[in-house]
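# What the coordinates show
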Amino acid sequence: MDKRFNLSPDGRHPITVLDKVSLVRLPLGEHVQLPTIKKRQRVAGGTLLAQHSSPNVGDMHAPFDGVIKDVTATFIEVEYEALPEPQPPATAEPAEGEAPKAAKAPEKPVEPVSPVSFAGLDAIALGQTLKTLGISIRPFTRPCDLFIINCINPEPGMLYTQELLASYLPVVEAGLAMIQRLNSAPRFVLALPSGSNVTLEGASAYHVPAVYPISLARPLIRAITGNEDTSRVTLVRLHAVFQLGLVAMTGLPLTHTVTTAFGQNFYLPLGTPVSTLLEITGNTPDPGDSVILGGPMRGVAISGLRRGVRKEDDAMAIVKQGSMPDLEDNPCINCGACVAVCPMRLRPNMLSRYAEFHQYEACRKEFIETCIECGMCGYVCPCCRPMQQHFRMAKNHLGLHTFQHVLRQSR
């Protein structure tokens, strides 16, 4: 086995709780801030800040007590500040000969966010409640015959899965119990790396060799079911189950997450700036280095270090300048290396050429929709062609083209 693709890290990598983060920057994305949220406003931890129009995407909340420092079209910035104790009305003695002055009303106190009770809620009401608490519910409510919880680290260099199962198992159990209230699947499976002895009541264990890209959805579903039909199979990552478990155990909004950052595991407030994690871990990117969110195979470089962590950001790393060959638009030499490593048995050499020259319908004939963007083809390409970038460009174009075609047909 190539150790570079090993998904089971050696030894333990404890999760450090970051409880002294003083400022967060929550990326809005497609969320829309509430009109009542203004700069210099005091908020309690868990206060609703922004909502998503989709009923399946979780809303956004303040991760701790604080003051809104800035609100823009792209982020909400919150600085930690303990909420003041309620004060009685101020009384002032009038000067001699003056009429008594009315007592100044105290500032209206900010009430802490109260937990929600899930008792007695049916699946629909439960899903709606979880959405308001920050949980994106679609993966948990999709009808299926088999529900798989992926307990394998998604990419090389990620370390948190093993630690969640070791140190936060009750939270994972609470997440699974909530999933079973949301989804009536007849079978639940834990996908675990070979050698793991973790068990959860209500789910059977299935062990696979933890070698990338088995951690991605299609290869893992094929390994468990023996076929490639995913229409009646739902797969979610342990990361999402853990977040659901946090909400299930507390009844409070999702305000924290776990991520592997620069070789260490952290439990941290949502919106924690990447620059804060760089400082904590003692890392300073040099000119020309790239900081990526995600793993080394599928991660995306960020343009600014003040960017805050989202709930789906489960890893970040530094790619040193010169540590990897630069991608170039070199011509394909038909060596076949990419074909040999493709887990979906595609022809990435042909796909990339069609995409490069905008022959998108030819990409469809090469089954581009089955590409899982694992990055293996680009990793082995001796010509350093930007394979994954070509595929994403083609998929985006085909998606837009299909949408526009449907729109024209509906007129």
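Residues numbered from 1 in each chain as written. Predicted model: local features only at pLDDT ≥ 70, side-chain atom pairs only at ≥ 80, totals over all residues. Heavy atoms only, no water.

Bringing the packing of aromatic side chains into the picture now. Summed over the entire model, instances satisfying the criterion amount to 7 aromatic pairs. When the centroid spacing of 5.7 Å and the interplanar angle of 85 degrees are considered together, the rings of Phe64 and Tyr80 count as edge-to-face. With Phe64 in the loop between β6 (60–61) and β7 (66–71) and Tyr80 in strand β8 (residues 75–80), the pair connects residues that are 16 residues apart, well separated along the chain. Here Tyr80 falls in the partly exposed class, since its relative accessible area comes to 46%. Ring centres of Tyr168 and Tyr267 lie 6.3 Å apart, and the angle between their planes is 25 degrees; on these two criteria the pair is classed as stacked. With Tyr168 in the loop between α3 (160–167) and α4 (169–182) and Tyr267 in strand β14 (residues 264–269), this residue pair connects regions lying 99 residues apart in the sequence. Judged by its relative accessible area of 18%, Tyr168 falls in the buried class. Each member of the aromatic cluster is reached from another via a ring pair, and the members are Phe5, Tyr212 and Tyr379. (Phe/Tyr/Trp six-rings, centres within 6.5 Å; stacked < 30°, edge-to-face > 60°. Helix = DSSP H or I, 4+ residues; strand = E, 2+ residues; numbered from the N terminus. Buried < 20%, exposed > 50% of the residue type's maximum accessible area, 1.4 Å probe, protein only.)

For the rest of this paragraph, the subject is the packing of α3 against helix α6 (residues 238–250). For the pair α3 and α6, interaxial distance at closest approach is 10 Å and the crossing angle is 35 degrees. Seen from above, α3 lies across α6 with left-handed handedness. The residues of α6 that touch α3, namely those facing Tyr160, Thr161, Leu164 and Leu165, are Leu238, His239 and Phe242. Partitioning the contact of α3 with α6 into residue classes produces 5 nonpolar, 2 polar and no charged. (Axes fitted to C-alpha atoms, helices over the stretch in contact; angles between N-to-C directions. Left-handed = near helix turned anticlockwise from the far one by under 90°. Contact = heavy atoms within 4.5 Å. Nonpolar A, V, L, I, M, F, W, Y, C, P; charged D, E, K, R; others polar.)

What follows covers the sheet that holds strand β9 (residues 146–150). Note: strands within a sheet are paired through backbone hydrogen bonds, in either parallel or antiparallel orientation. The sheet built from 4 strands is open, its strands ordered β11-β10-β9-β12 with parallel pairing. Edge positions in the open sheet fall to β11 (204–208) and β12 (233–237), since each of these has one partner strand only. The average angle at which neighbouring strand axes cross in this sheet is 25 degrees, direction not considered. Where β9 and strand β10 (residues 187–193) come together, 5 bridges link them in parallel fashion. Paired with Ile149 across the two strands is Leu190, which belongs to β10. (Pairing = 2+ DSSP bridges.)

Taken domain by domain, the protein consists of domain 1 (19–80), domain 2 (123–249), domain 3 (257–319) and domain 4 (337–410). Carbon and sulfur atoms make up 56% of the area that domain 2 and domain 3 hide from each other, which totals about 1400 Å². Salt-bridge contacts for Asp314 lead to Arg237; the nearest nitrogen and oxygen are separated by 1.9 Å. Split by residue class, the side of domain 2 that touches domain 3 holds 12 nonpolar, 5 polar and 3 charged. (Domains from an automatic or database assignment. Buried area = accessible area lost by both parts, 1.4 Å probe. Salt bridge = Lys/Arg side-chain N within 4 Å of Asp/Glu carboxyl O.)

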